[in-house]
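Close look at the chain arrangement
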Amino acid sequence: MGEMKVLLKNVHKPNSHLLSTYKEGGGYETLKAALKMEPSQIVEEVKKSGLRGRGGAGFPTGLKWSFVPKTDAPKYLVCNADEGEPGTFKDRVIIEKDPHLLLEGIAISCYAIGAHRAYIYIRGEYEFGAQVLENAIREAEEDGCLGDRPMGHDYPIYITVHRGAGAYVCGEETALLDSLEGRRGHPRIRPPFPASKGLYQSPTVINNVETLSSVVDIIARGGDWYASLGTEKSKGTKLFSISGHVQKPGVYELVMGTPFKELIFEIAGGMRPGRNLKAVIPGGSSTPMLTADEIDIPLDYESLMEAGSMLGSGAVIVLDDTTCIVKETYRLAQFYAHESCGQCTPCREGTHWMVQILKRIVNGQGREEDLDLLLHIGDTLGGNCLCPLGDAALGPVISSVKKFRDEYLEHIKNKRCPIGG
Amino acid sequence: MIAKLCPFPLSPEGEKRIDHLLNRYPDKRSALLQVLHVVQDEHGGYLDMDCIKYVARLFGLPPAEVYSVASFYTMYNLRPVGKYLIQVCTNISCSVNGAEEIVAHIEKRLGIKRGETTPDGKFTLITVECLGSCGTPPAMMVNKEYHEQLTPEKVDKVLDACE
Ligand SMILES: Cc1cc2nc3c(=O)[nH]c(=O)nc-3n(C[C@H](O)[C@H](O)[C@H](O)COP(=O)(O)O)c2cc1C
Ligand code: SF4
Ligand code: FES
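Residues numbered from 1 in each chain as written. Chains lettered and ligands numbered in written order. Predicted model: local features only at pLDDT ≥ 70, side-chain atom pairs only at ≥ 80, totals over all residues. Heavy atoms only, no water.

Some thoughts on the site of ligand 1
Residue and element names in this part refer to chain A. As a structural note, the neighbourhood of ligand 1 is formed by 18 residues, with Gly55, Asn80, Asn207, Asn208 and Thr211 the closest of them. A distance of 2.9 Å separates an oxygen atom of ligand 1 from a polar side-chain atom of asparagine 207. Here the element with the most residues in the shell around ligand 1 is strand β4 (residues 204–208); it accounts for three residues. Here the shell around ligand 1 is composed, by residue class, of four nonpolar, eight polar and six charged. (Near = heavy atom within 4 Å. Polar contact = N/O pair within 3.5 Å; in protein donor to acceptor, adjacent residues only side chain to side chain. Helix = DSSP H or I, 4+ residues; strand = E, 2+ residues; numbered from the N terminus. Nonpolar A, V, L, I, M, F, W, Y, C, P; charged D, E, K, R; others polar.)

Structure (structure tokens):
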């Protein structure tokens, strides 16, 4: 338990982004070994490792790969580097500081699923990161690590960096595919699932940056080794982006199952002097808030689920007692209303109405019935949308109304914020 | 072709990039977002109807289709912006760490409100969603550069350096 550097083992080296630095640490040797294995063996190792998707949903990676039909039709691997969920800034560290780790992970994964082409869909704002990746690809191709004959093997692998243009919904995997095809980023109706009909209607696997980067050490050290880390169902290490009111915000790599309090109060330096913990958003802005009394739990998928929230992307947002919960909830509601693609009526209208209601409460014009109205919108919206964004919008709103009802009522009755925010 | 069709003078570098992008994907249309980025960069940071029509011709698409795509994404500016586009994140991790004070400071210094451009066309100020700098808040971008852990003094330095 606690900190362990698997994904972050290189990031503090000088010039960690260069191929020469990466190769000194044994870089691309795992790819070389992997290309001598049977693709199915690689899938087996990943299954054995227990690795689950780090983009938010936590779907078992090996299982996802096994859905790809074993035909000769072209297949694609897409790396999701959209990183748009507020509070999340972990993929950026790998992209900027250890791009070759990601590229090696992508190459191994391509081979495992039978793809020769991979696209890295990176959020438009990360232009610097996109340049780092493009330079890294060029270096790796020139050196023969990637390209026509990666590490001397007859299995071409081409990786292309594709920039988004500012739309959070494009992080959703099917919206991402539409965006990659040059369209508005509208989530698609499933089925068909991307594994059978994805990019250009071909079998496609979409994985997060951290997921694909984890594959390198899993293949190098074995699925059993990875599975020996963590808890019964949450394996390996995970990157946590911790921000908000802690003294040492940042990205930390922890073994799954590390106590939540250890992350907040020890690793991230705890609260500022004289302040107390009020609430935590544990897994990115869409995950339900936990109160200070609810975080005596380990950080793993199951424990967060049991506590009524989610591990999500591992983005921990810490709020101390100077925070007005109503105001911050209003801010998050605005985000989701702004980012709704508008295809489904419950999401388009529901997110908009939640903003209107929260706005009047913040402005001292709220009514007591508004709280039940918010919960009612939650019932109408929840589960009635094409993609998870609709449900995501409910996370902060419903949890805060339920857990901080008194604070809402104070705003409504006294017509102002008790915190002064 | 690429430079000839363009309604404004395209740099040789821009022409090269567009040519490369148009031939990079199994389906040409995939390059649409990337080409819009290049055209916007070459056209002073925004896309007008002539730019949209130009891109439409490159892809053999109706201009309305290209406009529909461009208008979906927040990074494409469909109206002129200042020489320096200031984007301050006001999402949660920045907002609990003083983002509003940063916005207020810039508004005061430039004499404009968020969403506005200074009369000399030098600065445009907008607020944006999470930039992925939540660990080093508050954060902003000025054109393509990130600036993090902002204080009013730090903002002044950054803006002083804008010519
Ligand atoms: C609205 C929305 C935004 C998302 N944004 C991201 C993102 O920025 N990065 C990411 O990896 N996954 C994101 N996801 C999850 C993806 O849809 C998908 O589950 C993930 O990329 C799969 O990779 P994984 O199995 O490796 O986690 C988002 C999902 C939704 C619904
Ligand atoms: S749930 Fe919202 S974001 Fe998702 S497809 Fe429907 S309208 Fe679009
Ligand atoms: S909340 Fe401001 S950068 Fe993430």
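Quick look at the interface of chain B and chain A
Taken residue by residue, the interface counts 37 residues in chain B and 50 residues in chain A. A combined buried area of about 3600 Å² lies between chain B and chain A, and 51% of that area is made up of carbon and sulfur atoms. When the buried area of chain B at its contact with chain A is split by residue, B:Phe72, B:Ile92 and B:Glu129 rank highest and sum to 18% of it. With its nearest N and O atoms 3.2 Å apart, the salt bridge here joins B:Lys144 to A:Glu127. On inspection of chain B and its partner chain A, the count reaches 27 residue pairs in polar contact (both at pLDDT 80 or more). (Contact = heavy atoms within 4.5 Å. Buried area = accessible area lost by both parts, 1.4 Å probe. Salt bridge = Lys/Arg side-chain N within 4 Å of Asp/Glu carboxyl O.)

Considering the domain arrangement of chain B
Splitting chain B by domain gives domain 1 (2–72) and domain 2 (84–162). Each of domain 1 of chain B and domain 2 of chain B has a C-alpha centre, and these two points are 29 Å apart. (Domains from an automatic or database assignment.)

Some thoughts on the state of the cysteines
As used in these notes, a disulfide is a covalent bond between sulfur atoms, one from each of two cysteines. The full count for this structure, using the stated rule, is zero disulfides over all chains. In this model A:Cys145 remains outside any disulfide bridge; the closest cysteine sulfur is found in A:Cys110, 15 Å from its own. (Disulfide = S-S within 2.5 Å.)

Side note on unusual backbone geometry
Excluding glycine, a negative phi dihedral is what most residues carry, and trans is how most peptide bonds are arranged. Residues and elements named next belong to chain A. The peptide bond linking arginine 190 to proline 191 adopts the cis configuration, its omega dihedral lying at -10°. Structurally, proline 191 can be placed in the loop between α8 (173–180) and β4. Cis geometry marks the peptide bond from proline 191 to proline 192, where omega comes out at 5°. Counting through the fold element by element, proline 192 comes out in the loop between α8 and β4. Phi at methionine 151 takes a positive value of approximately 50°, unusual for a residue other than glycine. One can find methionine 151 in the loop between α7 (127–142) and β3 (158–163). The buried category is assigned to methionine 151, whose relative accessible area is 17%. The residue tyrosine 200 is not glycine, and still its phi comes out positive at about 50°. Here tyrosine 200 lies in the loop between α8 and β4. (Buried < 20%, exposed > 50% of the residue type's maximum accessible area, 1.4 Å probe, protein only.)

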